[in-house]
Amino acid sequence: MSAATLLKGVDRARPVATRFVAAAREAVRHICATGAAAAFVGPMDSGKSFAAEVALELDCPGPVIRWSVPTRGMTEYAFLANLATAVSGVKQDGTFNELLDAGGHAFSDHEGVLVVETAENLNRNMTDLLRHLRREAGPASALLLIGRPDAQTAVLQLGRAITREVTFEALKGDELLVAVRRLHPFLEAAPQDLLEFVDANYGKGLLGDWMNFASDAVPYCNKTGRPLDKQAALHIFALRGRAVTGKPRRGRHAA
């Protein structure tokens with residue numbers, strides 16, 4: 001996984017590995033080897049999609065198809081038509097049974113991973129259809145669900161079909177500091193109290209928010225020739241519409 005994928009267009013950006021990335025890689029290796037299903041579940045910006053990208057690039061030898069569930073209110077027909085089109089690469093229509101056959105054939109022919117994002121929008125009818133299509137396809141096609149905490153409902157509905165689950169959460173304490181400092185040399189050189197100040201008011205322990213902050217802060221510091229300090233951080237807060245509301249968490253092992 002290239003550092004540029006983390007911080008697009010930012011010089012000297014570096015890849016970051018956390019325990020969640022390590023778990024994601026193990027899960028992807030497993031489903032690619034066995035044709036099983038996995039789920040990455042956690043809050044927005046907790047690094048689910050980033051970890052998936054790292055794992056799929058490094059550990060998935062086959063093709064990857066990405067599809068997002070647009071809305072929980074989709075009809076079974078619309079869900080099946082959209083999914084079959086995404087997997088086959090060809091627009092699918094016809095009767096419901098024709099779509100079911102087309103979807104089954106598409107899954108059988110796809111020897112890779114289907115990534116379903118916004119999995120929190122999956123309802124019971126959708127998970128039943130997914131289970132049916134995967135049963136028809138056999139072990140060739142792996143499935144990766146990525147969603148917010150509400151996606152846990154879909155995970156429970158799929159039951160034993162999900163053989164690996166990674167639950168993402170905000171980083172804290174030393175784990176947060178190590179990950180943030182690894183993002184870029186500017187952050188590596190920043191004092192701990194500044195990183196705690198940024199986390200309290202912007203990052204909130206979420207890798208996605210920290211990447212957003214760094215993608216603005218590094219070019220700003222390069223342009224102005226100033227180090228990353230509190231004034232630079234406040235400037236980025238203003239650009240992003242963030243008010244200073246939180247106090248830095250004291251101590252290296254703050255909860």
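Located above this text is the structure these notes cover.
Scoring rules and cut-offs
- Residues numbered from 1 in each chain as written.
- Predicted model: local features only at pLDDT ≥ 70, side-chain atom pairs only at ≥ 80, totals over all residues.
- Heavy atoms only, no water.
- Pairing = 2+ DSSP bridges.
- Helix = DSSP H or I, 4+ residues; strand = E, 2+ residues; numbered from the N terminus.
- Axes fitted to C-alpha atoms, helices over the stretch in contact; angles between N-to-C directions.
- Salt bridge = Lys/Arg side-chain N within 4 Å of Asp/Glu carboxyl O.
- Buried < 20%, exposed > 50% of the residue type's maximum accessible area, 1.4 Å probe, protein only.
- Parallel < 35°, antiparallel > 145°, perpendicular 65-115°, else oblique.
- Contact = heavy atoms within 4.5 Å.
- Nonpolar A, V, L, I, M, F, W, Y, C, P; charged D, E, K, R; others polar.

The next point concerns the sheet that holds strand β1 (residues 37–41). The strand order across the open sheet built from 5 strands is β2-β3-β4-β1-β5, with neighbouring strands paired in parallel fashion. Looking at strand neighbours, the two that pair on one side only are β2 (64–68) and β5 (162–167), the edges of this open sheet. Strand after strand, the sheet turns through a mean of 15° between neighbouring axes, direction not considered.

Here the focus is the pattern of salt bridges. Opposite charge on two side chains permits pairing when their charged atoms draw close. Here the structure, examined in full by the defined rule, presents 11 salt bridges. Across the pair E26 and R164 runs a salt bridge whose closest N-O atoms are separated by 3.3 Å. Residue E26 is located in helix α2 (residues 19–34), and its partner R164 is located in strand β5; the two are separated by 138 residues in the primary sequence. On the basis of relative accessibility, which here comes to 35%, the residue E26 falls in the partly exposed class. Given the relative accessible area of 28%, R164 is considered partly exposed.

At a closest axis distance of 11 Å, the pairing of helix α8 (residues 173–183) and helix α10 (residues 192–203) adopts a crossing angle of 95°. Taken together, the axes of α8 and α10 are roughly perpendicular relative to one another. Only Q192, L195 and D199 of α10 make contact with α8, whose side of the interface consists of L176, L177, V180 and R181. Along the lines of polarity and charge, the residues of the contact of α8 with α10 split into 4 nonpolar, 1 polar and 2 charged.

This part covers the side chain of S141. Relative to the elements of secondary structure, S141 occurs in the loop between α6 (124–137) and β4 (142–147). Relative accessible area serves as the criterion here: at 2%, S141 is assigned to the buried category. Setting aside chain neighbours within four positions, we find S141 in contact with G35, F107, H110, G112 and R134.

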